[in-house]
Amino acid sequence: MSFGDKLKIIMLGPPGAGKGTQAALLSEKYGIPHISTGQIFREQIEAKTGLGLKAKKYVVKGELVPDEIVIEMTIKKLESLDPNKGYILDGYPRTINQAKALDNSKFSPDIVIEVYVDEDECVKRLSSRRYCPKCGATYNLIFNPPKNDEICDICGSKIKQREDDKEEAVRARFKEYHIKTKPVLDYYKAQGKLYRIDGKGSISEVSKRINSLIESLLKKD
Ligand code: AMP
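What counts as what
- Residues numbered from 1 in each chain as written.
- Predicted model: local features only at pLDDT ≥ 70, side-chain atom pairs only at ≥ 80, totals over all residues.
- Heavy atoms only, no water.
- Axes fitted to C-alpha atoms, helices over the stretch in contact; angles between N-to-C directions.
- Helix = DSSP H or I, 4+ residues; strand = E, 2+ residues; numbered from the N terminus.
- Parallel < 35°, antiparallel > 145°, perpendicular 65-115°, else oblique.
- Left-handed = near helix turned anticlockwise from the far one by under 90°.
- Contact = heavy atoms within 4.5 Å.
- Nonpolar A, V, L, I, M, F, W, Y, C, P; charged D, E, K, R; others polar.
- pLDDT = per-residue confidence, 0-100.

## Quick word on the packing of helix H4 (residues 67–79) against helix H5 (residues 96–103)
In step 1: Remark: H4 packs on H5, axes separated minimally by 10 Å, with the N-to-C direction vectors making an angle of 30°. As judged from the angle between their axes, H4 and H5 are roughly parallel. By crossing handedness, the relation of H4 to H5 is classed as right-handed. On H5, the residues that touch Asp-67, Val-70, Ile-71, Ile-75 and Leu-78 of H4 are Asn-97, Gln-98, Ala-101 and Leu-102.
In step 2: Among the residues making up the contact of H4 with H5, the classes are represented as 6 nonpolar, 2 polar and 1 charged.

Right under this line is the structure:
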């Protein structure tokens, strides 16, 4: 493994663990494209496309979008990237079927990073989380607020609470995580690709842990 040499990374973790924030930082630091399947769905829902309409009923309730929709969408997206740059996939795979589909394509990952945080802390973070519907930037009103009240620092749009960060949907998302996504962690553990990172602490503390993991893996090579 070496930087720029097709490093393929998967980021997983329970809702609110901070995997999206960390994937964005990693992407910026190493110049690896960041793909968030949740973000693609939010953009498609906002734009009211056919895919957005199909996904909306699941996303707002905190349920997983059916595998056939997610798999096709994600593989197509990966095929559209520069193959020399690798990828950081954030929020995919969330089921064993999705993981197998990736392994059956040319996009099998090199490493899988699980960002773990206990459920109480995740719920606390989710209630103050906001996002920008226009550019996808994420904020937390307590830990990482925008400079101007509820206005996106990057594009100036009004930030919003995600529909699925409301209490009932949050509960459904945790249930989906425990039932469908936890087995994915075991799947990658059996392949020797799983690395666990403590997601507690500030954004920069967690980021340091992830960066030192990546550096140590690259040194081993
Ligand atoms: P996220 O932004 O990763 O928390 O994803 C938000 C929502 O998008 C999830 O709760 C699901 O409804 C949907 N979603 C995102 N990625 C997937 C996936 N890999 N499989 C199924 N549904 C997904």
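## Brief notes about the packing of helix H2 (residues 37–46) against helix H3 (residues 50–59)
In step 1: At a minimum axis distance of 8 Å, the contact between H2 and H3 shows a crossing angle of 115°. At the point where H2 passes H3, the crossing takes the left-handed sense. Of H3, the residues touching H2 (which contributes Phe-41, Gln-44 and Ile-45) are Leu-51, Gly-52, Ala-55, Lys-56 and Val-59.

## As for the confidence of the model for the chain
In step 1: Looking at the chain, pLDDT values average 92 and 97% of them are 70 or higher.
In step 2: Averaged pLDDT values for the elements of the chain fall to 89 in helix H6 (residues 119–127) and rise to 98 in H5.

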